[in-house]
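For reference, the chains in residue letters:
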Amino acid sequence: MATDTPFKVCRCKDPDTDRPLRNKCPKLRRANRSWSLTHGQWAYQLELPATADGKRRQLRPSTGFENRDAAQDEIDQVRRLLDLAGKDPKRLTEVADLIQASRRATGELPDLDTVRFRLKTDSALGGIPTLAQYLTGWVNDIEIDENTRRSYANHITTHLIPHLGDVALDQLRPHHIHTLIRKIKERNEEILAKRNDPDPAVRKSVAGKRPTRDATRSRIRATLRKAFNDALREGIIAGIANPAALVKTPNKRSRPIVWEPERVERWQTTGEVPSPVMVWTDELLADFLDYAADHAPDIHPMLHLMAYRGTRRGETCGLLDAEVRLRKAEIGIINQITTYGGGSIRHKKPKSEAGNRDVILDPDTVALFTSYKAQRAKWQLAAGPAWPDTGLFFVRPDGRAWHPAAVSQRFRRLIQRGGFPPIRLHDLRHCAATIALEAGIDIKVVSEQLGHSTTTLTRDTYQSVSKELHHEAAGAVAERIKARRRTVS
């Protein structure tokens, strides 16, 4: 344990050896052997617990103190830190290691409350990592599915480490995150400006680079919030509010807009698409499905299911043969196919508990699926022993599983060749929801059909495009006013 008291040192050198005299300089003492009031600085030298391999060691700060009290305060702080470990030899060694490493790296001792918390929670006592150090390990160790890990890793390598990587985890504050958001916005403006630059070379410099939209910025903040919460729970840091939870970022959800005839006409003239999320009218949807049945019969049943019942792409590709009960006119959604890494596919459960659901089929869909099963049997007969047993309902003509990206690509080509106003494959799901609401289906039923966890998401996303109730409301208001007017033009 530390027992020594503060003493004075100086930077004077021996004229013969040119070595520092430190506490041996004759100027440090007055005639009565008391310490000089004007020469040198205060220091201390403490015996620390031995290292893990039994070697002795001392704590000798390389920088001096302005007065004796400051040196004594640090001695007392070292003693309090060591006392936290009690009589546990292992913990005493770890605390001593931390004291020595922290004093050398930063010139300061570890925080008393943080060390106490880590000892209490049986956590590691190592120094506070930078955000880059912590996030790099965290994203590899956290137990999540691979797609989520890839999303987190992209946020970390593209945004968090370049802008905040050097900040110590316990020093992160809301203003750092506000700066990150500001720099992302500035980068967005730079990309957009270069896209519109008259110089082809400048435009080429941002080819393939996309602005980081509000929703992505919100997800970046969510990644940081999750990582910081884990650091608090694991005792890596203590007594700090999560700065990411104190920063609000807009998360504007793009609402579906219907391809009304007037919008289609303008798109045909200008190529302008009004919104990132577009849905077809029921007339356009019916025309497209007829076109797909004629030009892509192998994939048409999948598109039909997505358009009629709003299943997700991965759920449709991953529909299990054993979950198709045509006699009961229903299917079970308990599996999906997702992509990860370099585009490889894997099976996984639906994205939420609400995603595990039974979907009721209409008679037309049952008839289509019955016909599809007969066609699939012909494919299997032609393939013979080479036919793979995937356990899936929808397969390619050679029996292999559909890759989700291939389905999206086929869908885009069908739209382009058929001259239909553009929507995404996912927007077939929006079409199904919109048409169901327009048909007067209760929103609770629609929400369960889509696999939403609550009706709030369904209402917020789709209610704005369901116009029947709005037309009724407009008519009711007009009739009420009209009954009280003397003349109506």
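Up top you'll find the structure we're talking about.
Please read all numbers here as calculations on a predicted model, not as lab measurements.

Draft legend 1. Representation of the overall build of the protein. Helix and strand content of the protein: 18 helices and eleven strands. Out of the 489 residues in the protein, the part that is buried amounts to 40%. When contacts within the protein are restricted to residue pairs at least 6 apart in sequence, long-range pairs at least 24 apart make up 57% of them. If you sum the accessible surface of the protein, you get close to 28,200 Å²; carbon and sulfur atoms cover 50% of it.

Draft legend 2. Main features of the state of the cysteines. Tallying each qualifying case throughout the model produces zero disulfides. Here Cys10 stays unpaired: no disulfide links it, and the sulfur of Cys25, its closest cysteine neighbor, is 3.6 Å away. Cys25 gets classed as buried once you look at its relative accessible area, which sits at 4%.

Draft legend 3. Geometry of the environment of Lys373. Residue position: Lys373 is located in helix α13 (residues 363-383). Beyond its immediate chain neighbours, meaning those up to four positions away, Lys373 contacts Leu326 and Phe393.

Draft legend 4. Here's a closer look at the pattern of salt bridges. Applying the stated criterion to the full structure yields 23 salt bridges. With a closest N to O distance of 3.0 Å, Glu186 and Arg182 form a salt bridge. Note that Glu186 and Arg182 are positioned in helix α6 (residues 174-195) at a spacing of four residues, about one turn of the helix. Overall, Glu186 belongs to the partly exposed group, its relative accessible area being 41%. The class of Arg182 is partly exposed, set by a relative accessible area of 42%. Close ionic contact of Asp321 with Arg376 constitutes a salt bridge, the shortest N to O distance being 3.2 Å. Of this pair, Asp321 sits in the loop between α12 (313-317) and β7 (324-325) while Arg376 sits in helix α13, and the two are 55 residues apart along the sequence. The class for Asp321 is partly exposed, based on a relative accessible area of 29%. On the basis of relative accessibility, which here comes to 12%, the residue Arg376 falls in the buried class. Through salt bridges with shared partners, a single ionic network connects Glu323, Arg325, Glu330 and Asp358.

Rules used throughout
- All residue numbers refer to position in the chain's written sequence, counted from 1.
- Residues qualify for local features only when their pLDDT is at least 70, as the model is predicted, and side-chain atom pairs are given and counted only at 80 or more; totals for whole chains, interfaces and linings, by contrast, use all residues.
- The basis for the side-chain values is all heavy atoms of the structure; hydrogens and waters are excluded.
- What counts as a helix is a DSSP run of H or I of at least four residues, what counts as a strand is a run of E of at least two, and both are numbered from the N terminus.
- Between buried and exposed lies partly exposed: a residue is buried under 20% and exposed over 50% of the maximum accessible area for its type, with that area taken using a 1.4 Å probe on protein chains only.
- Should any heavy atoms of two residues lie within 4.5 Å, those residues are counted as being in contact.
- Here the open area of atoms and residues is found with the Shrake-Rupley method and a 1.4 Å probe, where only the protein chains shown may cover a residue.
- Here, a disulfide means two cysteine sulfur atoms that sit within 2.5 Å of each other.
- Think of a salt bridge as a Lys or Arg side-chain nitrogen and an Asp or Glu carboxyl oxygen that are within 4 Å of each other.

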